[in-house]
Amino acid sequence: MENSAVKFPSEKTKRIVMFCDLRNSTDILMDFEQGIYCDIENSGVKTFTYAEFIMDVHETSYKELYLGHENTYAEIYGDGMMGIFPEDNAKYILENVYRLTKRMRVYNDSSSMGVFKPRIDIGFGITVGAVSFVYYPLDKRHHPVGRCVHEAARIEGLSRLYDARVLISDRFFKFAEGYICTDQRFSYRFIDRIILKGFREPITLFELLIDNDPRFEIKKNSMKEYSEAYSRYCRREWEAAKELFQKIYQEYGLGIGSVMAKRCDILSNSPSNPGWNGIWNMKDK
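Let me sum up the structure you'll find in this document. Throughout, residues of each chain are indexed from 1 in the direction in which the sequence is written. Per-residue local features of the predicted model are confined to residues with pLDDT of at least 70, and side-chain atom pairs are confined, for both listing and counting, to 80 or more; whole-chain, interface and lining totals are unaffected and use all residues. Side-chain calculation: all heavy atoms of the structure are included, whereas hydrogens and water are not.

**Re unusual backbone geometry**
Right, on to step 1. One non-glycine residue, asparagine 24, lies in the positive phi region at around 60°.
Right, on to step 2. Counting from the N terminus, the helices are DSSP H or I runs at least four residues long and the strands are E runs at least two residues long. The topology assignment puts asparagine 24 in the loop between strand E1 (13–22) and helix H1 (25–33).
Right, on to step 3. Only protein chains enter the area calculation, which uses a 1.4 Å probe; residues under 20% of their type maximum are buried, those over 50% are exposed, and those in between are partly exposed. The exposure class assigned to asparagine 24 is partly exposed, which follows from its relative accessible area of 31%.
Right, on to step 4. In the Ramachandran plot, aspartate 163 falls in the positive-phi region, its phi being about 55° despite a non-glycine side chain.
Right, on to step 5. When you line up the elements, aspartate 163 lands in the loop between helix H4 (147–159) and strand E6 (166–169).
Right, on to step 6. Assessed through its relative accessible area of 18%, aspartate 163 is described here as buried.

Right under this line is the structure:
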């Protein structure tokens, strides 16, 4: 969504880039097409349509991000959204992420969820980098160009793999650390050091933890054990690391434990790599 009053710089400037996307969107669309959310006999509930659901996604989760700030550039992708913000907007973004995740939880806690309507499950990827805006005569709009745009999309794509809601790069973490560490509503957990698909340099990933997440305390409580498991993983102590990762999955119910335990199996069966430094090269987006 482009605001005609905004002047888009053609030179590169540092920006915060966020990707948000609805998870399980294909399955949800197929459920609607198969009539899963049609009238249930004697329910008294009006048929809920896919178009109405998408509007709920935007009203519940995206609206403030692309309408709440005059300097925001936003691009809507059906059930997803990309937002680009000035570099001084870290606090603004945290506040909006807090509000929209809270509204999403209220929406999902409704008694009709899962019966008359699907739940909303959204993943986020946030990073910081240089962005320029190129004017396209074809659609008479400016479009963002920059490596960080691809980076944010890749990060969001990994959020579900790591069982994270809001996955952020170390660059955004450095911007927002002061707010995250001084506001009791927020916390964070280290996730991994990886090379994103199509990239050449490693990136450190964190999850932004928010207290309206039912697993806020669980994730915080798991951090000490995860840190120990990850340290052993970096030292190539595959069996010990795997055992700790499995414990995180079994006792805390966190999917990241299963992901990392499987990775230990892969690495333990691979040829010895004396230069191993703990950085995983992602093969998928």
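**Details of the pairing of E1**
Right, on to step 1. The buried fraction of E1 is high, at 7 of 10 residues.
Right, on to step 2. A pair of strands is considered paired only if DSSP assigns at least 2 bridges between the two. As judged from the 10 bridges shared by E1 and strand E4 (residues 122–136), these two strands associate in the antiparallel manner. Looking at E4, one finds that lysine 14 is bridged to alanine 130.
Right, on to step 3. Pairing between E1 and strand E3 (residues 80–86): 7 bridges, direction antiparallel. Within E3, the position partnered with cysteine 20 by the bridge is methionine 81.

**Observations regarding helix H8 (residues 255–268)**
Right, on to step 1. To estimate the expected span of a helix, subtract one from its residue number and multiply by 1.5 Å. Taking 1.5 Å as the rise per residue, H8 with 14 residues should run 20 Å; its terminal C-alpha atoms sit 20 Å apart, in good agreement.
Right, on to step 2. The element H8 is largely enclosed, with a buried count of 10 among its 14 residues.
Right, on to step 3. Buried within H8 are the following residues: Gly255, Ile256, Gly257, Ser258, Val259, Met260, Ala261, Arg263, Cys264 and Leu267.
Right, on to step 4. Contacts from the buried residues of H8 go to strand E7 (186–195), helix H6 (216–234), helix H7 (238–252) and strand E9 (280–281). Pairs of residues are marked as contacts when any of their non-hydrogen atoms sit within 4.5 Å.

**Points about the packing of aromatic side chains**
Right, on to step 1. In summary, the pairing rule links any two rings of Phe, Tyr or Trp, Trp by its six-membered ring, whose centres are within 6.5 Å, and it sorts them by plane angle into stacked for under 30 degrees, edge-to-face for over 60 and tilted for everything else. Across all of its chains, the model carries 18 aromatic pairs by this definition.
Right, on to step 2. Ring centres of phenylalanine 19 and tyrosine 77 lie 6.3 Å apart, and the angle between their planes is 15°; this geometry places the pair in the stacked category. Here the residue phenylalanine 19 occupies a position in strand E1, and tyrosine 77 occupies one in strand E2 (residues 73–77), the gap between them amounting to 58 residues.
Right, on to step 3. In this structure phenylalanine 19 comes out as buried when scored by relative accessible area, which is 15%.
Right, on to step 4. Measuring from ring centre to ring centre gives 6.0 Å for phenylalanine 190 and phenylalanine 206, while their planes differ by 75°; the resulting arrangement is edge-to-face. Of this pair, phenylalanine 190 sits in strand E7 while phenylalanine 206 sits in strand E8 (residues 203–210), and the two are 16 residues apart along the sequence.
Right, on to step 5. Residue classification places phenylalanine 206 among the buried positions, given a relative accessible area of 12%.
Right, on to step 6. Three or more aromatic residues joined by ring pairs make a cluster, and in this case those are Phe173, Tyr188, Phe190, Phe206, Tyr226, Tyr230, Tyr233, Trp238, Phe245 and Trp276.

**Considerations on the nonpolar core**
Right, on to step 1. In this structure, Met18, Phe53, Ile93, Ile122, Phe172 and Leu208 are the most contacted members of the largest nonpolar core, which totals 40 residues.
Right, on to step 2. When residues of this core are assigned to their parent elements, the largest contribution, 9 residues, is made by helix H3 (residues 90–108).
Right, on to step 3. Take the buried residues of types Ala, Val, Leu, Ile, Met, Phe, Trp, Tyr and Cys, join any two whose side-chain atoms come within 4.5 Å, and each joined set is a nonpolar core. Counting 30 residues, the second-largest nonpolar core is a separate cluster that includes Leu167, Leu205, Leu267 and Met282.

**Regarding the pairing of E7**
Right, on to step 1. Most of E7 is tucked away, with 7 of its 10 residues classed as buried.
Right, on to step 2. Looking at chain direction, E7 and E8 are connected through 8 bridges and run antiparallel. Its bridge partner lying in E8, phenylalanine 186 is registered against isoleucine 210.
Right, on to step 3. Note that E7 and E9 share 2 bridges and pair parallel. Bridge pairing in E9 places isoleucine 194 opposite tryptophan 280.

**As for H4**
Right, on to step 1. In this model H4 runs 19 Å from its N-terminal to its C-terminal C-alpha over 13 residues, within 8% of the 18 Å that 1.5 Å per residue would give.
Right, on to step 2. Taken as a whole, H4 has its buried residues at Cys148, Val149, Glu151, Ala152, Arg154, Ile155, Glu156, Leu158 and Ser159.

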